[in-house]
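Architecture at a glance
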Amino acid sequence: VQLQASGGGLVQAGGSLRLSCAVSGARTFGLGWFRQAPGKEREFVSTITYSGANTIYADSVKGRFTISVDNAKNTVYLQMNNLKLEDTALYYCAAGRTLTTAQNRVNYWGQGTQVTVSS
């Protein structure tokens, strides 16, 4: 399974970005996003089942981020609205045989895409 993330960039606080992650090679049950800020551990952001029926969010992004999946394009998205300075991080897409709610549930990682939120 290969994961190709894109969509990161520089945005002002309060702005929006949409991350994309193209999945190829095989279908997995769970897809998701993690992030890692400088000097911090990688943390869970959100996950979704391949069917799109179930989603889970970290408390820090609830109400601001939306995860979705386009099965026809084999792509998972993370729509990020009302971005805050503390959202600055390297964002990684992930895939697993279960919902990817923790790093030990991830079987495949994509490369990171940088999100930088400025004041």
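Structure first, text after, so check above.
Residues numbered from 1 in each chain as written. Predicted model: local features only at pLDDT ≥ 70, side-chain atom pairs only at ≥ 80, totals over all residues. Heavy atoms only, no water.

Observations concerning the overall build of the chain
Selection rule: The way it works is that DSSP assigns letters per residue, a run of H or I at least four long becomes a helix, a run of E at least two long becomes a strand, and they are numbered from the N terminus. Only the C-alpha atoms count toward the radius of gyration. The rule for a globule is 2.2 Å times the residue count to the power 0.38. Relative accessibility decides the category of a residue: with a 1.4 Å probe and only protein chains considered, values under 20% of the type maximum give buried, values over 50% give exposed, and everything between is partly exposed.
The number of helices and strands found in the chain is zero helices and ten strands. Starting at the N terminus, the α and β elements of the chain follow one another as β-β-β-β-β-β-β-β-β-β. In terms of C-alpha radius of gyration, the chain reaches 13 Å, essentially the compact-globule figure of 14 Å for 119 residues. Taken along its principal axes, the extent of the C-alpha atoms in the chain is 40 × 30 × 25 Å. Counting every position in the chain, which comprises 119 residues, the buried fraction comes to 44%.

Section: the packing of aromatic side chains
Between two aromatic rings, the relevant description is the distance of the centres plus the angle of the planes. To keep it simple, the criterion reads: Aromatic contacts are taken between Phe, Tyr and Trp rings whose centres are within 6.5 Å, Trp giving its six-membered ring; a plane angle under 30 degrees counts as stacked, one over 60 as edge-to-face, and the others as tilted. In this analysis the charged atom, NZ for Lys or CZ for Arg, is taken to sit over a ring once it is within 6 Å of the ring centre and within 35 degrees of the ring normal.
Tallied over the entire structure, the rule returns three aromatic pairs. Ring geometry for Tyr-92 against Trp-109: centres 6.3 Å apart, planes inclined by 85 degrees, an arrangement best described as edge-to-face. Taken as a pair, Tyr-92 in strand β9 (residues 89-96) and Trp-109 in strand β10 (residues 108-118) lie far apart in primary sequence, 17 residues in all. Overall, Trp-109 belongs to the partly exposed group, its relative accessible area being 33%. Between Arg-42 and the ring centre of Tyr-92, over which it is positioned, the NZ or CZ distance is 3.7 Å. The ring of Trp-109 carries the charged tip of Arg-42 above its face, separated from the ring centre by 4.5 Å.

Structural notes on the nonpolar core
Keep this limit in mind: As used here, the term nonpolar core means buried Ala, Val, Leu, Ile, Met, Phe, Trp, Tyr and Cys residues forming a set that is joined through side-chain atoms within 4.5 Å. The contact definition used throughout considers only heavy atoms, calling two residues in contact when any of these lie within 4.5 Å.
Within the largest apolar cluster, 33 residues are counted, with the highest numbers of intra-cluster contacts made by Leu-31, Trp-33, Phe-65, Leu-78, Met-80 and Tyr-91. At the level of elements, β1 (2-6), β3 (17-24), β4 (30-36), β5 (43-49), β7 (65-70), β8 (75-80), β9 and β10 are the ones that each hand at least two residues to this core. Top element by residues in this core is β9. It accounts for five residues. Beyond its immediate stretch of four places on either side in the chain, Leu-78 contacts Leu-17, Arg-18, Leu-19, Trp-33, Val-45, Ser-46, Phe-65, Thr-66, Ile-67 and Tyr-91.

Things to note about the state of the cysteines
Applicable threshold: What counts as a disulfide here is a pair of cysteine sulfur atoms lying within 2.5 Å.
Scanning the model with the defined rule gives one disulfide in all. Covalent S-S linkage joins Cys-21 and Cys-93, the inter-sulfur distance amounting to 2.2 Å. When the S-S torsion is 55 degrees, as for the bridge of Cys-21 with Cys-93, the disulfide is right-handed. Taken together, the residues Cys-21 in strand β3 and Cys-93 in strand β9 connect sequence positions 72 residues apart.

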